[in-house]
Amino acid sequence: TESRSDLEDLQLYATPREQRFRRFASLEFEGQLYMTPYDFIQAVTNDEPKRAKKWRSLSKQELNQILMETPPVWKGSSKLFRNLNEKGVISYTEYLFLLCILTKPHAGFRIAFNMFDTDGNEMVDKKEFLVLQEIFRKKNEKRERKGDEEKRAMLRLQLYGYHTSTNSVLKTEGDDLVPRSYWDTLRRSTSQALFSDLAERADDISSSLSDTTLLVHFFGKKGKAELNFEDFYRFMDNLQTEVLEIEFLSYSNGMNTISEEDFAHILLRYTNVENTSSYLENMRCRIPEEKGITFDEFRSFFQFLNNLEDFTIAMQMYNFASRSIGQDEFKRAVYVATGVKLSPHLVNTVFKIFDVDRDDQLSYKEFIGIMKDRLNRGFRGYKPIQRYTTFKSCVRKELYSR
């Protein structure tokens, strides 16, 4: 048994993702760390935990009681994590999986489901779902920093609940071709003939790991249920909605809207723009009367950002032609590329924030360049602008950190 100080010293050997998980996790069972649903929400909406975390050891009886109270997937809602609060356990690999969900477009949900559905029967069972355990573990192994092997082994045991071998069934293609995100890892893995090997490993994994809230929610208390696409889609959509609701409510103070300035702060804080004050001042001058951003508008914009790669293609056509676009063209390009309809007021607000030269046109540089900064901010930390936070930056920081 290792001393408490030795376990806490493992932070020095952890990757940024692992560090964040360990910082927000509050539960420990048989040496493995877990987040509660409340911990997860905090991790994606705050820079730091609201209170110093001390890992609380769960007994087998306490864990069983938590799992007994876990609702089935058909009882899921956009308040699932808030309702569960501290009564749930989320493993490290599930934490990575949930981060992936928060940043993906709805069109990608079917792809995600099909990746887990290895036998193609339109249902995912527990064994198939556990394949992601191996994929995410191998993804981490590729990025391990060389150091004290004993410490790294202790850390893997703490995060995964079992000792891992450096010999993995996952094929490697050289460091230069390592995908940049866990989602890309999952997608690339489907093109490799390796799921049968991974499924065999899943038997060993399943026998050595404890059930979690997510596994019981998806596959029942006995682990025999199967997950269909409709329930899987609803879970992913509900999670995105829930985190956005929490974010929105933290600014609305009980009102039906947030201010345009709050919206601007949310967008600008997590970019690499050096002088955000000029954008904020520009918006204040050009929107003198506050109308407010509704939750539906707020949600539609973040759904659009999850489709930013597709929208970029449309924007590049204007850029190659050295053309800027007006609000009507912008709104049309968003809908054609992503299927998301943005309200005229929201589009006008975006223009007032990013159209710094005030020509009523939005160039590729003024918008896409800044938004792409958000997608690649793994190393630069957070800008200390008042108290404003957003889940999106935390998620991107975790997915793209190295």
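Residues numbered from 1 in each chain as written. Predicted model: local features only at pLDDT ≥ 70, side-chain atom pairs only at ≥ 80, totals over all residues. Heavy atoms only, no water.

S.K.: How would you summarise the overall build of the protein chain if you had to cite specific residues and measurements?
M.R.: Counting its secondary structure elements, the protein chain contains 22 helices and seven strands. When burial is assessed residue by residue, the protein chain has 57% of its 402 residues classed as buried. For the protein chain, the share of sequence-separated contacts (at least 6 apart) that also reach a separation of at least 24 residues comes to 77%. With the model as given, the accessible surface of the protein chain reaches about 18100 Å², and the carbon-plus-sulfur share is 48%. (Helix = DSSP H or I, 4+ residues; strand = E, 2+ residues; numbered from the N terminus. Buried < 20%, exposed > 50% of the residue type's maximum accessible area, 1.4 Å probe, protein only. Contact = heavy atoms within 4.5 Å. Areas by Shrake-Rupley, 256 points an atom, 1.4 Å probe, with all protein chains shown as cover.)

S.K.: Mind laying out the nonpolar core, listing which residues take part and the relevant values?
M.R.: Soluble globular proteins: nonpolar side chains tend toward being buried together. Counting 49 residues, the largest nonpolar core has Phe40 and Leu98 as its most contacted members. Of all the secondary structure elements, the ones that give two or more residues to this core are α2 (16-24), α3 (37-45), α5 (80-84), α6 (92-102), α7 (107-116), α10 (149-160), α13 (213-219) and α14 (229-252). Sort the elements by how many residues they give to this core and α6 lands first, with eight residues. Those residues in contact with Phe40, other than ones at most four positions away along the chain, are Met35, Phe81, Ile90, Tyr95, Leu98, Leu99, Leu102 and Leu239. (Core = buried A, V, L, I, M, F, W, Y, C linked by side-chain atoms within 4.5 Å.)

S.K.: So what's going on with the packing of aromatic side chains? Which residues, and what values?
M.R.: Applying the stated rule across the entire model yields 26 aromatic pairs. When the ring of Phe97 is compared with that of Phe129, the centres are 5.4 Å apart and the planes differ by 90°; the resulting orientation is edge-to-face. Remark: Phe129 occurs in helix α8 (residues 126-129) and Phe97 occurs in helix α6; sequence separation between them is 32 residues. Accessibility assignment for this pair places Phe97 and Phe129 in one class, buried. The structure contains a cluster of three or more aromatic residues connected by ring pairs, namely Phe248, Phe263, Phe295, Phe298, Phe301, Phe302, Phe304, Phe311, Phe330 and Phe351. Sitting over the face of the ring of Phe229, Arg110 holds its NZ or CZ atom 3.8 Å from the ring centroid. (Phe/Tyr/Trp six-rings, centres within 6.5 Å; stacked < 30°, edge-to-face > 60°. Lys NZ or Arg CZ within 6 Å of the ring centre and 35° of its normal.)

S.K.: So what's going on with the pattern of salt bridges? Which residues, and what values?
M.R.: Applying the stated criterion across every chain, the model contains twelve salt bridges. In this structure, Glu242 and Arg82 form a salt bridge, with 3.2 Å as the shortest nitrogen-oxygen distance. Highlighted residues: Glu242 in helix α14 and Arg82 in helix α5, separated in sequence by 160 residues. Overall, Arg82 belongs to the partly exposed group, its relative accessible area being 28%. The partner of Lys126 in a salt bridge is Asp211, and the shortest N-O contact between them spans 2.6 Å. With Lys126 in helix α8 and Asp211 in the loop between α12 (195-208) and α13, this pair connects stretches of sequence that are 85 residues apart. Classification of Lys126 as buried rests on a relative accessible area of 16%. Owing to a relative accessible area of 23%, Asp211 belongs among the partly exposed residues under this scheme. Among the charged side chains, a salt-bridge network with shared partners connects Arg82, Glu242 and Glu245. (Salt bridge = Lys/Arg side-chain N within 4 Å of Asp/Glu carboxyl O.)

S.K.: A description of the packing of α7 against α14 should follow, citing residues and the corresponding values.
M.R.: Closest axis-to-axis distance for the α7/α14 pair is 10 Å, and the angle between their directions is 130°. Between α7 and α14, the interaxial angle falls into the category oblique. Seen from above, α7 lies across α14 with right-handed handedness. Where α7 abuts α14, its residues Phe109, Arg110, Ala112, Phe113 and Phe116 lie against Phe229, Phe232, Tyr233, Met236, Asp237 and Gln240. Split by residue class, the contact of α7 with α14 holds eight nonpolar, one polar and two charged. (Axes fitted to C-alpha atoms, helices over the stretch in contact; angles between N-to-C directions. Parallel < 35°, antiparallel > 145°, perpendicular 65-115°, else oblique. Left-handed = near helix turned anticlockwise from the far one by under 90°. Nonpolar A, V, L, I, M, F, W, Y, C, P; charged D, E, K, R; others polar.)

S.K.: Report on unusual backbone geometry, specifying residues and quantitative values.
M.R.: Phi angles above zero are rare outside glycine, and Glu30 is one such case at about 50°. If you trace the backbone, Glu30 turns up in the loop between β1 (27-29) and β2 (32-34). Exposure remark for Glu30: the relative accessible area of 68% places this residue in the exposed category. Positive phi is not limited to glycine here, since Asn85 has a value of about 55°. Checked against the element boundaries, Asn85 lands in the loop between α5 and α6. Overall, Asn85 belongs to the partly exposed group, its relative accessible area being 33%.

S.K.: Which residues make up the sheet that holds β1, and what values go with them?
M.R.: Sheet architecture is open: three strands sit in the order β2-β1-β3, paired in mixed fashion. Single-partner strands in this sheet number two, and they are β2 and β3 (56-57). Two elements, β1 and β2, share three bridges in a ladder whose sense is antiparallel. Within β2, the position partnered with Leu27 by the bridge is Tyr34. (Pairing = 2+ DSSP bridges.)

S.K.: Explain the confidence of the model for the protein chain to me, using residue names and the numbers behind them.
M.R.: Mean pLDDT for the protein chain: 76, with 71% of residues reaching 70 or above. Looking across the protein chain, the model is least confident in helix α22 (residues 391-400), with a mean pLDDT of 50, and most confident in α5, with 96. Scored below 50 in pLDDT, residues 163-180 shows 46 contacts in the model against residues more than four places distant or in partner chains. Note that residues 190-198 has pLDDT below 50 and, in this model, 19 contacts with residues that lie over four places away or in other chains. (pLDDT = per-residue confidence, 0-100.)

S.K.: Summarise the environment of Arg22; cite the residues concerned and give the values.
M.R.: Mapped onto the fold, Arg22 is located in helix α2. Assessed through its relative accessible area of 4%, Arg22 is described here as buried. One polar contact links Arg22 to Gln158, side chain to side chain, over a distance of 2.7 Å. (Polar contact = N/O pair within 3.5 Å; in protein donor to acceptor, adjacent residues only side chain to side chain.)

S.K.: For the packing of α14 against helix α17 (residues 295-306), give the residues involved together with the corresponding values.
M.R.: α17 packs onto α14 with a crossing angle of 125° between their chain directions and a minimal axis gap of 10 Å. Of the possible angle classes, the one that applies to α14 and α17 is oblique. In the packing of α14 onto α17, the handedness of the crossing is right-handed. Contacts from Asp237, Gln240, Thr241, Leu244, Glu245, Glu247 and Phe248 in α14 reach Phe295, Phe298, Arg299, Phe302 and Asn306 in α17. Of the residues that constitute the contact of α14 with α17, the class distribution is five nonpolar, three polar and four charged.

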